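# Reading the structure
Now for the letters of each chain:
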Amino acid sequence: MEESTILSEKELITRSLAELEFHKVLERIADFAISDLGRELIGAALPSDNLAWLTEEHQRIDELLILLFEGRVLPLEGLSDTRPLLHKTLVEHAFLQPTELLAVRDTMRTARVLRAALLERSGDLPALAAFVDPLHENRLLEKHIHEAIDDNGTVRDNASRDLARIRRDIFDTSNRLRQRLNKILSKVKEADAITDEFVTQRDGRFVLPMKTEYKRHIPGIIHGVSNTGATVFVEPAETFDLNNEISLLNNEEEREVRKILTTLSSELGQEARELLRTVDILAHFDAALAKARYAHEFGGMKPAIRDDSLIMLREVRHPLLMHAKHRGGVVPLTVEFEAPVAGHLISGPNAGGKTVALKSIGLNVAMALAGIFPLGECATGYRTIFTAIGDNQSIENDVSTFSSQLIRLREILTNCSSTALVLVDEICSGTDPQEGSALAVGILEGFLARGASFMVTTHQTSLKSYALTRQEISNASMEFDADKLEPTYRFLARVPGNSYAFVLAESLRMPPAVMARARDHVGERHNELERSIEVIQRYRRESENLRNEAAAVKAKAEQAQRDYEAKFEDFRRKYKDLIKAARAEAAAVVDNANKLVENTIREIREEKKSIADVRKEYDRERKEILRKAAQQEKQVTRREEFHEGDVVVMEGFEKPGVIVALDESGDSAVVEFDAVKFKTALDKLKRSGKKLEAKKKSSLEFRTDAQTRVDLRGMYADQATLEVENAISEALMSPIREITIVHGKGTGALRSAIQRMLKSHPAVARFRDGRLTEGGAGVTVAELK
């Protein structure tokens with residue numbers, strides 16, 4: 001085997017991206033582009049270390065997603081690659097053809113309309129507005145092209161005065177020539193010398209189609225013969241002058257058209273450099289729009305570009321699997337590289353998803369660094385991605401699978417640094433297990449020494465044990481359902497995995513004697529380790545089940561609290577309405593009393609009634625006013641009748657409760673019902689007539705200050721989900737039944753993350769998008785259990 005040349009970093013990155021099949025992701029994104037310009041830029045996309053550009057590009061995509069969610073159609077239909085045409089206008093005396101001028105005009109119009117549309121939205125789309133602001137405009141030049149050339153690519157008659165005159169002359173002369181030829185045609189028709197009864201053209205000259213045997217029937221010039229040889233095309237001698245005149249006019253027309261096109265091309269040439277920059281901006285805009293459409297289609301989320309060593313991937317999915325199956329058929333993956341952990345060692349059975357996990361990580365990080373939204377949450381700084389995935393053996397070069405991997409690992413060690421992310425599949429697996437394991441340890445130590453982040457898959461038990469001794473390396477596995485004997489494709493962090501070779505062999509009815517000898521051969525220590533791993537995985541599953549059950553019990557126990565909160569809100573509203581009505585009625589009572597006194601005095605003065613009748617009527621009205629006032633006073637001051645320890649019944653409830661405390665304002669009281677406390681208005685209470693003792697020690701007190709609306713705008717997904725968790729926890733300690741979550745429309749990434757969390761939250765019964773009056777797609781309303 002000949003010694004191979006070590007690849008450069010650039011070559012190694014290129015091969016690594018090819019192993020990840022990054023080009024297939026780019027091809028799928030390019031399908032969303034409108035122009036070849038955009039497709040060209042997407043096809044050339046690579047991970048970039050320009051963090052400022054990445055941040056700006058991601059923001060542009062984020063704002064484009066806002067427009068897509070709004071259903072806006074951006075005016076890019078007229079965009080085409082006009083760069084060669086613009087370069088041509090820079091050449092002296094060169095001119096563009098009419099259709100080429102129209103292509104440039106359409107691109108100019110596209111730039112102008114797009115710029116105007118986005119500058120109007122500079123308030124909520126600042127990144128896009130700033131990006132299109134430099135687009136060059138020249139409405140006068142657009143107007144000149146439009147006035148000179150019609151939409152079919154023909155120079156208009158009124159493009160110049162001379163052209164209009166020339167074409168009128170051509171039209172008039174052609175009519176005179178046709179009239180003369182028609183006369184000749186009528187004469188030769190009688191002799192049956194023609195094959196068709198019409199005038200045609202050959203070589204730009206008007207001719208008559210005559211039978212071959214009659215070609216000398218009239219004097220003239222033969223301009224051609226038909227394919228069958230049965231027809232000759234004769235120009236009569238008497239029409240020579242008119243044909244010559246038309247030919248001269250056609251030449252004059254051609255010169256005038258060329259003059260017009262040269263003038264327009266010269267005008268374009270003066271703007272060519274600005275227009276070239278405009279085309280470049282439009283190309284990048286088209287590429288960004290294609291990325292936004294891809295994110296909209298497959299659930300891409302805006303990544304966080306950092307300047308530290310953290311790599312965080314949460315709920316990410318393999319892009320190529322998403323292309324084939326969409327979200328429902330792809331299991332997401334969550335993993336973090338955060339100090340002190342620099343690497344993960346994945347173990348598990350064959351066909352369990354280890355290689356897919358490697359590629360999911362590599363592709364999503366590469367997408368984030370290439371200005372593309374990954375399919376899940378991602379936070380990372382710049383990373384040079386190196387891979388050793390797949391079988392790179394070469395019979396021609398006498399390179400085995402093991403040798404090819406060693407060559408690749410040597411190249412990676414030579415090029416990698418603290419910014420590297422290394423992905424290795426089945427490290428050193430193609431040789432003696434003991435030697436391969438020792439070699440793998442040395443390579444992993446090399447990665448650690450260089451400060452690189454890495455993820456490596458293996459079946460070697462000794463490597464799992466080695467990872468347990470290094471805090472920088474975390475064991476991980478792909479979950480396997482031992483009962484069903486099938487992988488679940490779930491990534492389990494901090495839990496090593498079994499290869500399940502013995503379990504699979506037994507399921508395939510391998511003879512028991514063979515299995516017994518196999519177990520004896522690997523030794524009791526190996527068996528204990530495998531059993532320990534299985535126990536850890538079982539305990540993890542059981543703990544998750546217990547956690548879900550506990551959450552369900554908690555949600556059920558707190559359902560009463562939410563019911564009470566709904567009642568309490570209704571009571572508070574009704575109480576306010578009652579107080580308002582009572583005050584209005586009291587004011588009416590006072591007003592009636594004043595009117596009664598005034599009327600009585602007036603009637604006495606006017607002597608319309610006797611004193612006895614007035615006094616009698618006054619007493620009657622006075623008693624009615626006093627009765628209403630007493631009733632109102634009783635209703636408003638009813639709270640004074642209650643004391644701590646009183647047994648009361650609340651409107652809407654049959655069971656009695658005990659007043660634990662009276663509010664200082666005297667408007668409400670804290671009442672305990674079935675060991676649950678909450679605050680309610682006094683006018684909703686009635687005495688029960690019984691005497692009960694409040695059990696203050698064992699009661700569960702409601703929170704009445706819990707939030708019913710949470711605003712997440714401006715937050716990252718992890719911060720936002722934590723905020724929602726806290727809000728739900730507070731609501732569970734209060735009778736709140738519904739929470740309004742404001743996440744904004746944006747790219748939809750934050751909305752997707754929140755709704756994904758709500759879907760799996762044990763305390764959430766259901767959720768929905770906000771109604772139009774509530775905020776539409778920018779709001780999610782969660783109903784708690």
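Because the structure is predicted, anything quoted here is derived from the model rather than measured.

### Description of the sheet that holds strand E8 (residues 343-347)
Think of a sheet as strands paired side by side through backbone hydrogen bonds, with each pair either parallel or antiparallel. With respect to topology, 6 strands assemble into an open sheet ordered E10-E11-E12-E8-E13-E14, the strand pairing being mixed. Unpaired on one side and paired on the other, strand E10 (384-388) and strand E14 (486-493) mark the two borders of the sheet. Between one strand axis and the next, the sheet turns by 15° as a mean value, whatever way the strands run. As defined by bridge partners, E8 adjoins strand E12 (residues 453-458) across 5 bridges and the pair is classed as parallel. Looking at E12, one finds that Ile-346 is bridged to Thr-457. Contacting E10 and strand E11 (420-424), helix H1 (residues 9-20) crosses the sheet at an angle of about 65° to E10. Along the sheet, helix H15 (residues 461-468) makes contact with E8, E12 and strand E13 (473-481), crossing E13 at roughly 130°.

### Examining helix H10 (residues 240-298)
Taking 1.5 Å of rise per residue, the 59 residues of H10 would be expected to cover 87 Å, yet its terminal C-alpha atoms sit only 71 Å apart, more than 12% below that figure. Along H10, the sharpest kink reaches roughly 60°, centred on Ala-272. The positive-phi residue at the C-terminal boundary of H10 is Gly-299, with phi of around 80°.

### Comments concerning the environment of Ala-669
One can find Ala-669 in strand E17 (residues 668-673). Residue Ala-669 is classed as buried on the basis of its relative accessible area, which comes to 0%. Sequence spacing of Ala-669 and Ile-659 is 10 residues, and the spatial spacing of their C-alpha atoms is 6.6 Å.

### Side note on the nonpolar core
Counting residues in each nonpolar core, the largest one holds 77 residues, and the members touching the most others are Ile-412, Val-422, Ile-427, Phe-447, Met-455 and Phe-491. Top contributing element to this core by residue count: helix H12 (residues 354-369), with 9 residues. Residues contacting Phe-491, with those up to four places away along its chain left out, are Leu-333, Thr-334, Val-335, Ile-346, Met-455, Ala-476, Ser-477 and Met-478.

### Regarding the packing of helix H2 (residues 22-30) against H10
Close contact between H2 and H10 brings their axes to 8 Å; oriented N to C, the two are set at 100°. By the angle class used here, H2 and H10 are roughly perpendicular. The segment H2 lies against H10, with Val-25, Arg-28 and Ile-29 engaging Ala-290, Lys-291, Tyr-294 and Phe-298. Residues that form the contact of H2 with H10 fall into these classes: 5 nonpolar, no polar and 2 charged.

Each value, and the rule that gives it
- Residues numbered from 1 in each chain as written.
- Predicted model: local features only at pLDDT ≥ 70, side-chain atom pairs only at ≥ 80, totals over all residues.
- Heavy atoms only, no water.
- Pairing = 2+ DSSP bridges.
- Helix = DSSP H or I, 4+ residues; strand = E, 2+ residues; numbered from the N terminus.
- Axes fitted to C-alpha atoms, helices over the stretch in contact; angles between N-to-C directions.
- Contact = heavy atoms within 4.5 Å.
- Expected span 1.5 Å × (residues − 1).
- Bend = angle between axes of the 7 residues up to and from the residue.
- Buried < 20%, exposed > 50% of the residue type's maximum accessible area, 1.4 Å probe, protein only.
- Core = buried A, V, L, I, M, F, W, Y, C linked by side-chain atoms within 4.5 Å.
- Parallel < 35°, antiparallel > 145°, perpendicular 65-115°, else oblique.
- Nonpolar A, V, L, I, M, F, W, Y, C, P; charged D, E, K, R; others polar.

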